Amino acid sequence: MMSIATLILMVFLGFNGKNRGVVNYKFPVEKLALTLGFMPNLGMFIKGKLLPFVPETLATVLGVILGLGIVFFLLTYILGKITKIPEYEYTGTDRALGFFVGLLKGFCVVVLLVMLYGVLHLDTVSPEGLTKQVKNNFVNGRVNESIDYYRSSVYTVYVKMSGASVEDLYVSKAALLAEEKVVGYVPWTEGYVYVAPKPEPEEPEDDKKKGSELPDMNSFK
């Protein structure tokens, strides 16, 4: 049922976009939905690269910030190229592109609704039939891993905050930044298991010294 409603919304916004055209369109909903959808994979990649150099919590934060910034910049650049061609305005190309942009907007609206439903753990309090419709919607299959990324992050913060006490303010920095295993987390996607990326192995000290040694000048004579 929800898949049919999604298709109807996409077609409706598609014809609305066809009448409006695509020139000078700003893609606000599309950039938000696509940024949230694409960021987790890039954020985890950046986190894995930073782990050998900074604490895990800081690597996670930097991964999210850099991931959001990079994805949003690329989407703004790519989508902006479509809307900055004045020769397309009021032409058949403008209307055709407007139709496809409208379809994309309808898809992204549902993406945001599904992600909001999953990230806020509404499936734990909503009727089973409603949750089944949301999960069976074809949109969910495109963002289920992203939903679990945000969902597990929100749950982890909630668990840590709800169990925090005054004594936690005086623990060591290492203990404060240590990642705790999430207990009692119910995944959005069946079989989903969050696995933190392993830091890259450090180069042995002997190899570092060998690499930093200056060559013997006598060998060039």
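The residue numbers shown here count from 1 along each chain, following its written sequence. Under the rules for a predicted model, residues below a pLDDT of 70 receive no local features and side-chain atom pairs below 80 are neither given nor counted, while totals for whole chains, interfaces and linings still include all residues. Computation of side-chain values: all heavy atoms of the structure, hydrogens and water removed.

Draft legend 1. View of the packing of aromatic side chains. Ring geometry is summarised as follows: Phe, Tyr and Trp rings, the Trp one being its six-membered ring, pair when their centres sit within 6.5 Å, and such pairs are stacked at plane angles under 30 degrees, edge-to-face over 60 and tilted between the two. Evaluated as defined, the whole model comprises five aromatic pairs. Look at Tyr25 and Phe27: their rings are 4.9 Å apart centre to centre, the planes differ by 75°, and that puts the pair in the edge-to-face class. One exposure class covers both Tyr25 and Phe27, and it is buried. In this arrangement the basic side chain of Lys135 is found over the ring face of Trp188, its NZ or CZ atom lying 4.7 Å from the centre. For every residue, the accessible area obtained with a 1.4 Å probe (protein chains only) is divided by the maximum for its type, and the residue is called buried under 20%, exposed over 50%, and partly exposed between those limits. Ring-over charges, as used throughout, are those where CZ of Arg or NZ of Lys falls within 6 Å of the ring centre and within 35 degrees of the ring normal.

Draft legend 2. Expanded view of helix H1 (residues 2-20). Runs of E in the DSSP output that reach at least two residues are strands. Runs of H or I that reach at least four are helices, and both are numbered from the N terminus. Take the number of residues in a helix, subtract one, and multiply by 1.5 Å to get its expected span. Its 19 residues place the ends of H1 27 Å apart at the C-alpha level, agreeing with the 27 Å of an ideal helix rising 1.5 Å per residue. For H1, the set of buried residues is Thr6, Met10, Leu13, Gly14 and Gly17. Within H1, the buried residues cover an arc of 115° as seen down the axis, which keeps them to one side. Opposite the buried face of H1, by more than 90 degrees, sit the exposed residues Ile4, Ile8, Phe12 and Asn19. The contact criterion used is simple: two residues touch if any of their non-hydrogen atoms lie within 4.5 Å. The elements touched by buried residues of H1 are helix H4 (92-119). Remark: Gly21 follows H1 within two positions and exhibits a positive phi of approximately 85°. Working definition: the arc comes from the directions between the helix axis and the C-beta atoms, pointing outward to the latter.

Draft legend 3. Up close: unusual backbone geometry. A positive phi angle is found at Phe27, which is not glycine, with a value near 55°. Located in the positive-phi region is His121, a residue other than glycine, with phi close to 60°. Counting through the fold element by element, His121 comes out in the loop between H4 and helix H5 (128-136).

Draft legend 4. Quick look at the packing of helix H2 (residues 28-50) against helix H3 (residues 56-83). The axes used here are C-alpha line fits, helices contributing only the stretch in contact, and every angle between their N-to-C directions lies in the interval 0 to 180 degrees. H3 packs onto H2 with a crossing angle of 135° between their chain directions and a minimal axis gap of 7 Å. In terms of axis orientation, H2 runs oblique to H3. Along this stretch, H2 crosses H3, giving a crossing that reads as right-handed. All residues other than Ala, Val, Leu, Ile, Met, Phe, Trp, Tyr, Cys, Pro, Asp, Glu, Lys and Arg, Gly among them, are scored as polar; the first ten of these are nonpolar and the last four charged. Class assignment of the residues belonging to the contact of H2 with H3 gives a composition of 16 nonpolar, six polar and three charged. When an angle is under 35 degrees it counts as roughly parallel; over 145 it counts as roughly antiparallel; between 65 and 115 it counts as roughly perpendicular; any other value is oblique. We call a crossing left-handed when the near helix sits turned anticlockwise from the far one by less than a right angle, and right-handed when that turn is clockwise.

Draft legend 5. Summary view of the confidence of the model for the protein chain. For the protein chain, the mean per-residue pLDDT works out to 76, and 74% of the residues sit at or above 70. Mean pLDDT across the elements of the protein chain ranges from a minimum in helix H7 (residues 173-177), with 46, to a maximum in H4, with 89. Scored from 0 to 100, pLDDT reflects the predictor's confidence in each residue. The model gives residues 166-173 a pLDDT under 50, and that stretch makes three contacts with residues more than four places away or in other chains. Residue range residues 196-200 is modelled with pLDDT below 50. Its contacts to residues more than four positions away, or to other chains, number eleven contacts.

Draft legend 6. Highlighting the side chain of Thr6. If you trace the backbone, Thr6 turns up in helix H1. Polar side-chain contacts of Thr6 include one of 3.4 Å to the side chain of Asn137. Thr6 has contacts with Val110, Asn137, Phe138 and Val139, leaving out every residue within four places of it along the chain. What qualifies as a polar contact is a pair of N or O atoms within 3.5 Å, subject to a donor-acceptor requirement within protein and to the restriction that residues adjacent in sequence count only when both atoms come from side chains.

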